[in-house]
Amino acid sequence: MTCDEARILLHALLDNELDAGNAREVEAHVASCPNCAAELAAERDMQRVLADTELRYTAPASLRARIEASLPQAQHQQPTRRSMLRGFAMGSAVSALAASGVIAVVLRQDDQQRILSEVVSAHLRSLQAGHLTDVVSTDQHTVKPWFNGKLDVAPPVIDLTAQGFTLVGGRLDYIDARAIGAVVYKRRQHVINLFVSQTSSTEHRPPRTQSMQGFNCRRWGDRGLNFWAVSDLGADELAEFVDKFEAAMKANVEG
């Protein structure tokens, strides 16, 4: 294993995402390579720092002033001790609610980044020799039935060859500690992994593109499914793939 190959898999090793064989190879390389060992140690230190980071929110002083101003008081009358205590209590409650809202937003963003990292790591693992597909076929009627019985909901498999995206097969993968389907396409020599997982939400979430480690990931949700399309294709070509996939899905449902 080369240093470049090992560095690609270091994050997956830290997150316990590698299978036993790949984990042994990376660990063996790190044991014999001071540079990769130092990088792994630095990543572990960063992981510990992030785990120990406390999320704090301090309500601004202007919030207390607005709350006190909204409390009913007799004209030209000094606030009583009880009204002051009531104001302090209300301020504390509002501050707590504001803090919990900020923390919830931060946690949701952190969770989305963690999932994105796992998706990109899964894409990288698939590029290793022999890991790309469990079922190899350009026929959607062969790939889709292969998932039956392996997942609660089989991912949609659509032939987009005529649109310039060739179906090459599918496989099982693991994201967020659960098995999901991965449908594999190619655009010229570029691999596109389309990860599909079931979700309780049935609302349509429009596609959004993010980048990580040099890969583009376009994520969206529809009909109780979450989708992540990952590739080293340019963002415009990956968006074209998603647009054609969504259009074909809609046509199949309406048909």
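Residues numbered from 1 in each chain as written. Predicted model: local features only at pLDDT ≥ 70, side-chain atom pairs only at ≥ 80, totals over all residues. Heavy atoms only, no water.

A. Spotlight on the confidence of the model for the chain. Put simply, the chain has an average pLDDT of 81, and 80% of its residues get 70 or more. A low-confidence stretch, residues 102-107 (pLDDT under 50), is modelled with four contacts involving residues beyond four sequence positions or located in other chains. (pLDDT = per-residue confidence, 0-100. Contact = heavy atoms within 4.5 Å.)

B. Spatial organisation of the layout of surface pockets. Its boundaries defined by the atoms lining it, the second largest pocket holds a volume of some 270 Å³. Of the residues assigned to the lining of the second largest pocket, the class counts are six nonpolar, two polar and nine charged. (1 Å grid on protein atoms, 1.4 Å probe; cavity = no way out; pocket = protein on both sides within 12 Å on 5 of 7 lines; lining within 4 Å. Points joined across faces, edges and corners; volume = space filled by probe spheres on them. Nonpolar A, V, L, I, M, F, W, Y, C, P; charged D, E, K, R; others polar.)

C. Expanded view of the environment of Arg178. Looking at the element boundaries, Arg178 is found in strand β3 (residues 178-187). Measuring from C-alpha to C-alpha, the distance between Arg178 and Leu151 comes to 10.0 Å, with 27 residues separating the pair along the chain. Setting aside residues no more than four positions away along its own chain, Arg178 makes contact with Asp173, Ser197 and Gln198. One polar contact links the side chain of Arg178 to the main-chain carbonyl oxygen of Gln198, over a distance of 3.2 Å. (Helix = DSSP H or I, 4+ residues; strand = E, 2+ residues; numbered from the N terminus. Polar contact = N/O pair within 3.5 Å; in protein donor to acceptor, adjacent residues only side chain to side chain.)

D. Structural context of the sheet that holds strand β5 (residues 205-212). Read across the open sheet, the seven strands follow the order β1-β2-β3-β4-β7-β6-β5; overall the sheet is antiparallel. Looking along the sheet, the strands with just one partner apiece sit at the ends: β1 (135-136) and β5. Across seven bridges, the pairing between β3 and strand β4 (residues 190-198) is antiparallel. Looking across to β4, one finds that Val184 is bridged to Asn193. Here helix α6 (residues 140-147) sits on the sheet and contacts β1, β2 (166-175) and β3; the angle it forms with β2, its principal contact strand, is near 15°. (Pairing = 2+ DSSP bridges. Axes fitted to C-alpha atoms, helices over the stretch in contact; angles between N-to-C directions.)

E. Structural view of the side chain of His29. Structurally, the position occupied by His29 is in helix α2 (residues 20-32). Judged by its relative accessible area of 11%, His29 is buried. Not counting chain neighbours up to four residues away, the residues in contact with His29 comprise Met1, Thr2, Cys3, Ala6 and Cys36. (Buried < 20%, exposed > 50% of the residue type's maximum accessible area, 1.4 Å probe, protein only.)

F. Geometry of the pattern of salt bridges. Scanning the entire structure with this criterion turns up nine salt bridges. For the salt bridge of Arg114 with Glu118, the shortest nitrogen-to-oxygen distance reads 2.9 Å. Placement of both Arg114 and Glu118 in helix α5 (residues 81-126) is noted, with a separation of four residues, approximately one turn of the helix. Of the residues examined, Arg114 reaches a relative accessible area of 33% and is grouped as partly exposed. Salt-bridge contacts for Lys244 lead to Glu240; the nearest nitrogen and oxygen are separated by 4.0 Å. On the criterion of helical spacing, the pair formed by Lys244 and Glu240 is a turn pair, its members being four residues apart in helix α7 (residues 235-254). Judged by relative accessible area, which is 28%, Glu240 ranks as partly exposed. One continuous salt-bridge network, built from bridges that share partners, spans Arg187, Arg188, Glu237, Glu240 and Lys244. (Salt bridge = Lys/Arg side-chain N within 4 Å of Asp/Glu carboxyl O.)

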